[in-house]
Amino acid sequence: MKVSYHGHAVVKIETKGKVILFDPFITGNELTDLKAEDVKPDVIILTHGHSDHLGDTVELARKNDSLVIANAELAAYLGWQGIRTHAMSIGGAYEFDFGKVKLTPAIHGTGLMTENKEIIYLGMPAGVLFTAEGKTVYHAGDTALFSDMKLIGERHPIDVAFLPIGDNFTMGPEDAAYAAELLKAGVTVPIHFNTFPPIKQDPQKFIEMLPSGKGKVLEAGESIEL
């Protein structure tokens with residue numbers, strides 16, 4: 001399994017001949033190395049419906065006939081636009097031919113803000129546990145620190161955890177470091193930082209809060225082999 005980071009909260013997993021893309025905010029993301037026209041995901045997994053996570057989902061899914069996995073409300077919203085979806089809810093898991101997906105809690109907001117000054121409710125935000133080839137990757141989505149991260153780590157041994165550190169909208173480095181302690185992942189990678197002025201952070205300072213060898217900053221396009 002190859003796991004790569006592509007700026008903000010964009011994560012790509014390549015396994016079993018499939019490309020799985022998390023939160024494909026590519027257009028308008030100055031920190032990504034990806035170009036939307038070059039990305040060909042078989043599967044898109046969404047943690048929630050904010051524009052910096054929903055991103056290019058509709059265009060990518062239409063172009064590539066990608067399966068989009070999301071919470072039930074967000075899946076319905078995308079399904080109405082002709083997108084092929086699989087709806088889930090927090091706490092539920094499903095075994096696909098490319099791996100197992102389980103949605104976990106995340107403490108955050110949700111909804112899409114329209115040009116008409118309306119907010120479309122798009123279900124509860126989530127984290128994602130993805131398991132394939134005997135390895136587990138945890139994408140926490142946008143979240144605050146919460147104590148049940150300890151249960152997530154105990155019940156699902158995690159090889160790589162992607163945790164937001166940006167603060168303002170999510171937990172910051174200090175809370176994320178405590179989250180890493182609760183999760184006990186093999187390695188923790190910071191995400192959701194430096195994209196916008198309110199979430200400017202030094203990721204290396206976050207790594208220094210973790211035990212030696214337990215954290216890694218990935219530049220856009222860098223990967224980990226599991």
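Residues numbered from 1 in each chain as written. Predicted model: local features only at pLDDT ≥ 70, side-chain atom pairs only at ≥ 80, totals over all residues. Heavy atoms only, no water.

Visitor: Outline the sheet that holds strand β3 (residues 18-22), listing residues and values.
Guide: Spatial ordering of the open sheet is given by β6-β5-β4-β3-β2-β1-β15, a layout of 7 strands whose pairing is mixed. Lying at the two open borders of the sheet, with one neighbouring strand each, are β6 (85-88) and β15 (223-225). The mean angle between the axes of side-by-side strands here comes to 20 degrees, regardless of whether they run parallel or antiparallel. As defined by bridge partners, strand β4 (residues 43-45) adjoins strand β5 (residues 67-71) across 3 bridges and the pair is classed as parallel. Its bridge partner being in β5, I45 is matched across the sheet by I69. Taken strand by strand, helix α2 (residues 57-64) contacts β3, β4 and β5, and its axis lies near 160 degrees from that of β4. Along the sheet, helix α3 (residues 72-79) contacts β5 and β6; its crossing angle with β5, the most-contacted strand, is approximately 140 degrees. (Pairing = 2+ DSSP bridges. Helix = DSSP H or I, 4+ residues; strand = E, 2+ residues; numbered from the N terminus. Axes fitted to C-alpha atoms, helices over the stretch in contact; angles between N-to-C directions. Contact = heavy atoms within 4.5 Å.)

Visitor: Describe the nonpolar core, and please don't skip the residues or the numbers.
Guide: If you look at the biggest cluster of nonpolar residues, it comprises 52 residues, and the most contacted ones within it are V101, F130, Y138 and F162. If one sorts the elements of this core by residue count, helix α5 (residues 173-183) sits on top with 6 residues. The contacts of Y138, once residues within four sequence positions are left out, are T104, V128, L129, F146, M149, I152, I158, V160, A161, F162, L163 and L183. Counting 20 residues, the second largest nonpolar core, distinct from the first, contains V10, V58, L78 and L122. (Core = buried A, V, L, I, M, F, W, Y, C linked by side-chain atoms within 4.5 Å. Buried < 20%, exposed > 50% of the residue type's maximum accessible area, 1.4 Å probe, protein only.)

Visitor: So what's going on with the sheet that holds strand β7 (residues 93-96)? Residues and values would help.
Guide: If you trace the 6 strands from one edge of the open sheet to the other, you get β7-β8-β11-β12-β13-β14, paired in mixed fashion. Edge positions in the sheet fall to β7 and β14 (187-191), since each of these pairs with one other strand and no more. Sheet twist, expressed as the average angle between the axes of neighbouring strands with direction ignored, equals 15 degrees. In this structure, β7 lies alongside strand β8 (residues 99-105), joined through 4 bridges in antiparallel fashion. Within β8, the position partnered with F96 by the bridge is G99. With respect to the sheet, α5 is in contact with β12 (135-139), β13 (160-164) and β14, its orientation differing from that of β13 by roughly 155 degrees.

Visitor: With reference to specific residues and values, describe the packing of aromatic side chains.
Guide: This structure, assessed with the given rule, holds 4 aromatic pairs. Ring plane angle 35 degrees and centroid distance 6.4 Å describe the contact between F25 and F196, whose orientation is recorded as tilted. In this pair, F25 is assigned in the loop between β3 and β4 and F196 in the loop between β14 and α6 (203-208), connecting sequence segments 171 residues apart. According to the relative accessible area criterion, F25 is buried, its value standing at 8%. One aromatic cluster is present, formed by Y94, F96, F98 and F130 through successive ring pairs. (Phe/Tyr/Trp six-rings, centres within 6.5 Å; stacked < 30°, edge-to-face > 60°.)

Visitor: Which residues make up the confidence of the model for the chain, and what values do they have?
Guide: Residues with a pLDDT of 70 or more make up 100% of the chain, whose mean pLDDT is 97. Mean pLDDT across the secondary structure elements of the chain bottoms out at strand β9 (residues 112-113), with 89, and peaks at β4, with 99. (pLDDT = per-residue confidence, 0-100.)

Visitor: So what about the UniProt feature "domain: Metallo-beta-lactamase" (unreviewed entry) in the chain? Which residues, and what values?
Guide: Using the residue numbers shown here, the UniProt feature "domain: Metallo-beta-lactamase" (unreviewed entry) corresponds to residues 7-192. Secondary structure over residues 7-192 splits into 20% helix and 32% strand, and the C-alpha atoms at its two ends are 8 Å apart. (UniProt positions renumbered as here; feature names shortened; annotations may be inferred.)

Visitor: Could you give me a rundown of α3, with the residues and numbers involved?
Guide: Restricting attention to buried positions, one finds in α3 the residues L74, A75, Y77 and L78. Each buried residue of α3 sits inside an arc of 160 degrees when the element is viewed along its axis, so together they form one side. Lining the buried residues of α3 we find α1 (51-54), α2, β5, β6, β9 and β10 (119-120). Capping the start of α3 is the job of one residue whose side-chain oxygen sits 3.1 Å from the backbone nitrogen of E73: N71. (Arc of directions from axis to C-beta. Polar contact = N/O pair within 3.5 Å; in protein donor to acceptor, adjacent residues only side chain to side chain.)

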